[in-house]
Every structure is written in structure tokens, then in C-alpha cells.
Amino acid sequence: MASAPIAEPRAGARRPSPPSRPILDDLAIRVATVNGSGSQSANLVLVRALHAMGIPAAAKNIFPSNIEGLPTWFLVRASRRGYVGFRDDPDVLVLMNDQTAADDLRSARPGCVVFHRDDLKTPLAGLRDDVDLFAVPCARLAEEAYPPVAGDPSYRDKLRKVVNMVYVGVVASACGIGLEEVRGAIRRQFPGRKAKAAEPNIRAAEAGFAWAEEHLPPLPVRVERQDQTAGTILIEGNQACALGVLFGGASVLTWYPITPSSSLAEYAEDLLKDHRLSADGKATFAIVQAEDELAAIGMAVGAGWAGARAITATSGPGISLMAEFVGLAYFAEIPVVIIDVERMGPSTGLPTRTNQGDILKLHLLGHGDCRHVVLIPGSVAECFEMTIEALDLAQEFQTPVFVATDLDLGMNLWMSPRFAYPSRPLSRGKVLSAADLERLGAFERYKDVDGDGVCYRTLPGTEHPLAAYFTRGTGHNEKSGYSERPDDWKRNIDRLARKLETARGRLPKPVIEEAGHAVGIIAYGTSHWAVVEARDQLREAGVETDYCRILALPVDEAVAGFVGRHERVYVVEQNRDGQVGFLLHGTLEGHLIPRLIPVLHYDGTPIPASAIARPILDRERPLISDLTPDSALHAGDHGAMGVGGTSVPQGAAGAPGAPTGPSAE
């Protein structure tokens with residue numbers, strides 16, 4: 001099946017269109033390259049070009065934590081059925097990195113179409129005879145498209161990046177991606193002051209496209225135009241959260257740089273500078289890059305106490321450092337929002353890999369009896385909506401509120417319907433003015449007047465002698481006076497628990513899709529997209545499932561009801577210890593706990609549908625007699641709906657798709 005590497009043009013040859021080749025419903029392209037080489041811009045061009053053709057497309061960037069030089073992989077997926085999850089079995093593999101070329105080629109599944117730059121030092125010929133292997137003169141084509149510039153000392157570095165656009169053109173030709181859409185995507189990728197760089201990149205893509213049209217045979221990896229992207233956008237989760245910061249009325253943003261949350265604060269700063277200046281050009285907001293995460297959360301809590309809608313963004317190590325200040329905000333009852341873009345831990349861990357390992361920590365962060373509200377978006381639209389919601393909830397319940405995203409959602413490009421403009425006014429909660437205090441004639445800061453656990457507050461500077469000007473994190477009574485009395489302490493702690501129960505009823509409800517099947521699936525966050533695809537795979541294999549997606553902690557009582565109505569419930573999580581499953585164990589009635597079965601993925605790559613469908617099918621097969629064979633989970637024609645193969649890259653350090661830990665227990 002392998003063809004000889006093509007090094008020289010065949011004069012006059014031109015590839016005919018392949019009418020006998022099927023049009024793929026699902027196409028996955030993986031590019032293996034080097035971090036810092038400009039490849040991300042090239043790969044995003046493919047995503048944007050597919051989107052412009054009306055084809056639902058998504059991107060997954062698996063990159064190292066250094067600035068330059070280590071291996072990186074980028075997955076582009078286009079799916080007629082809108083699947084956007086990670087696929088570990090690409091149909092097209094592009095090899096641009098000597099360090100990993102051999103291992104990447106070994107990992108390819110049979111039938112894969114493989115392009116590699118012809119100047120790789122690693123010998124690839126003969127490694128596989130069951131893939132289509134093509135050598136592409138990337139460097140030569142790039143230099144022809146972008147000739148040397150006399151007197152430009154940075155020419156070679158620029159050329160190194162332009163080379164990537166050659167493979168963009170080759171892949172576009174091979175896969176039926178329109179050249180005009182590629183040109184438009186390149187211009188979109190190099191806007192404003194970068195526009196000058198667009199032209200040599202366009203010429204390089206055109207050169208790759210022309211070379212492929214002349215030299216490649218018909219290949220079974222083509223897509224066709226659709227009309228499924230009208231009214232949609234491509235946006236990162238961090239950008240969506242930043243828009244939520246703007247529309248949620250945040251007036252103070254504090255942060256310390258940490259992957260993968262830094263871009264969120266940078267996007268938010270740009271938006272606030274564009275839209276939050278007064279008529280005289282002065283900022284109506286404050287943004288502070290602090291000296292560390294402790295300072296960042298301390299400033300945010302102080303701003304929340306002063307009456308600001310305050311927010312900070314961080315990742316797992318930052319959350320660990322913030323624990324004491326979060327406990328202060330919880331006990332002193334100060335509103336603040338913390339967005340946690342989760343990455344792989346513990347310790348420094350894998351800063352540029354994705355995980356859901358902070359969920360339990362966020363809910364219980366602090367010493368003593370602390371439980372917090374956690375919102376868990378599963379889409380970029382929910383990143384936008386839940387950031388706004390978190391700012392309101394923090395004000396209404398005078399407490400820290402977490403938004404738990406992850407690197408996959410935060411730093412990758414996702415397709416989404418355009419966000420709805422917020423229609424509800426911003427909430428300030430139970431804030432008393434000087435006029436209110438005068439009318440009431442009395443005020444006790446920590447007294448539960450309404451029975452919901454939420455007390456009234458005043459803002460510092462309220463001009464009335466009854467207004468509060470200080471707060472405390474030590475033991476206090478209802479009047480906020482210092483107290484070590486056991487009854488005062490217990491009354492306060494019990495009221496805080498009552499407040500959390502009130503908040504539970506205000507949080508986003510779980511999304512439940514139910515049709516009376518015996519098998520249920522519970523998931524949250526970015527696992528949702530793999531679950532959607534896995535349920536289709538399971539259905540085709542004979543296993544029907546119901547689905548409950550958790551959007552917030554503490555969990556709604558409807559989750560317990562869902563478990564109670566199913567014989568077996570698979571809890572899908574991207575962490576080793578099944579952290580939400582652990583929380584469910586503490587809230588469900590004893591007879592329901594054995595129904596929970598963890599399905600866990602924690603190798604740092606985004607969870608693929610196969611990591612859900614296969615372990616569930618393995619578990620269900622002895623229980624259901626009429627299941628179809630394993631092959632039902634594999635694509636009959638490579639790249640068709642569902643999982644197209646089982647091969648996983650091995651050998652290359654950090655290779656995407658490397659084996660995970662136990663999938664089900």
C-alpha cells in the first residue's frame with residue numbers, strides 16, 4: 001500500500017479528481033512538528049479554512065512547556081456530525097520533526113496518509129508498508145515562494161516558519177480544502193500590522209497546493225463543502241471567559257502569569273481597555289499583574305470587600321497558594337471569583353497538558369469546614385455565560401465562586417454559536433445603602449434575617465454610623481464582634497452551610513437526557529464532547545445510554561435521582577481518583593453507591609470518545625447478550641464516523657495518545 005517517496009516533480013502529471021473515492025464524514029489530521037516553529041499559525045489556517053467551507057471543525061494543540069525546540073502535535077478534526085473531541089487515530093499525518101518522525105510513523109494506523117518533509121534525517125522508507133507515504137520538498141517550495149531578502153538578517157528564521165504553509169497547501173489539496181478558503185484563513189491569521197507576512201505565507205500554501213495537484217494520486221481523505229457553520233464562530237475558552245469578564249461587569253482583575261490561564265487575563269485586559277474607558281479616556285477598571293498568586297488573590301479579596309466585582313485567573317499551583325485567602329473570603333463573606341484553567345498536576349506536573357484534577361480541591365479549598373460553589377463550563381459559550389454568572393453569584397452569596405475550565409477548553413479553538421447578549425441586569429445581592437440603614441435603624445452584619453443563610457452587608461465608605469468599615473476572619477458573633485463562644489461559632493458555621501444549600505438551588509441545573517435506559521453516564525466539563533460521540537458509538541454497538549451532565553458543585557439533587565433510576569452509572573472524569581465520584585459517594589444513599597462505575601482518563605491528552613465507549617462496552621458485554629462485536633466501535637472506512645482505529649503512539653516522549661491508566665474500575 002505504501003508508495004515510493006516522491007522527491008522530484010513528474011512533468012505534466014496532474015491528479016484527477018477521484019469520483020470513486022468516498023467523501024469522509026469525519027477527517028482527523030495530525031501534524032507533528034517543533035514548538036516555536038510557527039506551526040500553530042499554519043494549523044489554525046486549516047481549521048479556519050474548513051470552517052469557511054461550512055464544515056464543523058475543531059483544533060487540539062498538544063505542546064510542550066518550553067518556549068522552543070521540543071516536539072509538539074496539533075490535531076485538526078472536521079466532522080459532518082459535529083464531533084469535536086480528540087481522535088487518537090488520524091487519517092492524515094504530517095511529519096515535520098526529526099525527533100519524533102519514526103515513532104509518529106510507527107503509531108499511524110493502517111491506511112493512514114502520511115506526508116513528510118523530504119529533508120528529514122530520519123530514514124522512514126521501509127518502516128511501514130501499510131500506509132501511503134509521500135515525501136514533500138517543503139524547504140525548496142518555501143524558498144521558491146519566499147526568495148531570500150538581501151540584507152534581512154532574520155530571513156532564515158522567517159523562512160523556517162513559512163515552510164509550514166507548504167504542508168498546509170499539500171494537505172488542502174489532498175483533502176479537498178478550498179485554496180480560496182486557505183488564502184482567506186491566512187489573511188485572518190495575520191491581521192493588522194502582521195498583514196505583510198500574509199503574502200509570502202499565501203504563496204507558500206499555493207506552492208504546496210500546486211505541487212500536490214501535480215504529484216499526488218487520488219487519496220481517500222477528501223471532504224466536501226457543507227452548510228453547517230453559518231452563524232458560528234471559532235474562539236478559545238480563555239477568550240470567551242475574557243468576554244464574560246467584560247460583560248459581567250468586573251471592575252478589578254488581578255493575576256499572576258501561569259500556564260494555561262495567562263492569555264485569559266491578557267484577553268480581558270485588551271477588552272477592558274477597548275470598552276471601559278470614560279469619556280476623558282481614563283480607565284474605569286483596575287488590572288494588576290501581581291508578584292505572585294498570593295498577592296493576586298489577596299488584592300482580589302480586598303477589592304471584593306471594597307465593593308468591586310473582582311476576579312482573578314490561575315491554574316492548579318496558583319489555587320494551592322490561594323487557599324488561606326479563599327478561606328478568609330469564605331468566612332468573612334467577601335465576594336470574589338476565581339477562574340481555574342486546570343492543567344496536569346501534582347506539583348509543577350505537566351503545565352501544558354489538560355486535566356480535571358482540581359475539582360475536589362476547588363469545592364473544599366481551605367482549612368476547617370469550607371465548601372465552595374464551583375461552576376463547570378463544558379463549552380466556550382458556557383465559559384462566557386458562567387463567568388458572568390459567577391460574578392453575580394459571588395455578589396449574591398458573598399462568597400468565593402470558582403469557574404473550573406481546563407487547558408483543552410481554555411487554549412484550543414472551538415466552534416460555537418454566537419454568544420447571546422446578556423439580558424439580565426447585573427446582581428449586587430443584599431447591599432444596604434445609607435438610606436436603608438436610616439430606615440432600618442439597626443444592622444448586624446452576620447445576622448440571618450431572611451432564613452436563607454445570606455446576611456445583609458454594607459460597602460466601605462457608606463456614610464452612616466451603622467455601616468461596617470472592617471471585617472474579620474476570626475471567630476465572630478452576629479454583630480461581627482470578636483467571639484470565641486462555642487454557640488457563636490457553631491451558629492456561624494451552620495449558617496454558612498445553610499447559605500450553601502440556598503446557593504445550590506440557584507446554580508445551573510444538570511443537563512439530563514433520559515429515555516428510561518438501564519445504563520447512565522455522568523460527566524462534566526470538556527468530557528461532554530467525547531461523551532456525545534461515545535454514546536453514538538455505544539448505540540451502534542447495541543448499548544443505549546442516558547446522560548447527566550453536571551454543571552456546578554454542590555451537585556443538584558437531580559443527580560441523585562438520575563443515579564436512582566439506572567442500574568449502572570458510568571462517571572466519566574479526566575483525573576485518576578474519580579473526584580466527582582468521590583463527592584457523589586458522600587451524598588448518595590448507601591444502596592446507590594455501588595451503581596457508580598468510574599471511567600477515568602488522565603494521560604494529559606484530551607479525552608477521546610474511545611476512552612469512554614470501549615471500557616463501557618467491555619463492562620456491558622457480559623450483561624447484554626445481543627451486543628455487536630468490537631468492530632462496531634471502529635470505522636468501516638478509515639475516517640468515517642466514530643473511532644477509526646486502535647493504534648496509539650508509543651516511544652516518543654509525551655506522544656499524544658499514549659496509553660492511559662485504568663479506564664474503568
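Residues numbered from 1 in each chain as written. Predicted model: local features only at pLDDT ≥ 70, side-chain atom pairs only at ≥ 80, totals over all residues. Heavy atoms only, no water.

*Asks:* I'd like a rundown of the pairing of strand β9 (residues 286-289), residues and numbers included.
*Replies:* Taken together, the four bridges between strand β8 (residues 252-255) and β9 define a ladder with parallel strand orientation. Across the sheet, the residue bridging to Trp255 is Gln289, located in β9. In this fold, β8 hands off to helix α8 (residues 262-275), which returns the chain to β9; that crossover is right-handed. (Pairing = 2+ DSSP bridges. Helix = DSSP H or I, 4+ residues; strand = E, 2+ residues; numbered from the N terminus. Right-handed = clockwise from strand over helix to strand, strands pointing away.)

*Asks:* Before we move on, can you summarise the nonpolar core with the specific residues and values?
*Replies:* In terms of nonpolar packing, the biggest core is built from 62 residues, with Val92, Phe115, Met165, Ile177, Val182, Ile186 and Leu216 touching the most fellow members. In terms of residues, this core owes the most to one element, helix α4 (residues 155-175), which gives 13 residues. Residues within four places of Phe115 in sequence aside, it is in contact with Val92, Leu93, Val94, Leu95, Phe134, Val136, Val170, Val171, Ala174, Leu216 and Leu219. In terms of nonpolar packing, the next biggest core, distinct from the first, is built from 45 residues, Leu272, Phe285, Val337 and Ala503 among them. (Core = buried A, V, L, I, M, F, W, Y, C linked by side-chain atoms within 4.5 Å. Buried < 20%, exposed > 50% of the residue type's maximum accessible area, 1.4 Å probe, protein only. Contact = heavy atoms within 4.5 Å.)

*Asks:* Hey, could you go over the pattern of salt bridges for me, with residue numbers and the actual values?
*Replies:* Taken as a whole and judged by the stated rule, the model has 51 salt bridges. Measuring nitrogen to oxygen at the nearest pair gives 2.7 Å for the salt bridge that ties Asp26 to Arg87. Of this pair, Asp26 sits in strand β1 (residues 26-34) while Arg87 sits in the loop between β3 (71-79) and β4 (92-95), placing them 61 residues apart in sequence. In terms of burial, Asp26 and Arg87 fall into one category: buried. (Salt bridge = Lys/Arg side-chain N within 4 Å of Asp/Glu carboxyl O.)

*Asks:* So what about unusual backbone geometry? Which residues, and what values?
*Replies:* In this model, Thr259 is joined to Pro260 through a cis peptide bond whose omega is 10°. Structurally, Pro260 can be placed in the loop between β8 and α8. The residue after Leu553, namely Pro554, is reached through a cis peptide bond having omega 0°. Here Pro554 lies in the loop between β18 (552-553) and α18 (557-564). Positive phi values are uncommon outside glycine, yet Ser347 reaches one of about 55°. Mapped onto the elements of the fold, Ser347 is located in the loop between β11 (336-342) and α12 (359-364). Exposure remark for Ser347: the relative accessible area of 66% places this residue in the exposed category.

Don't take any of this as a statement about function, it's just geometry.
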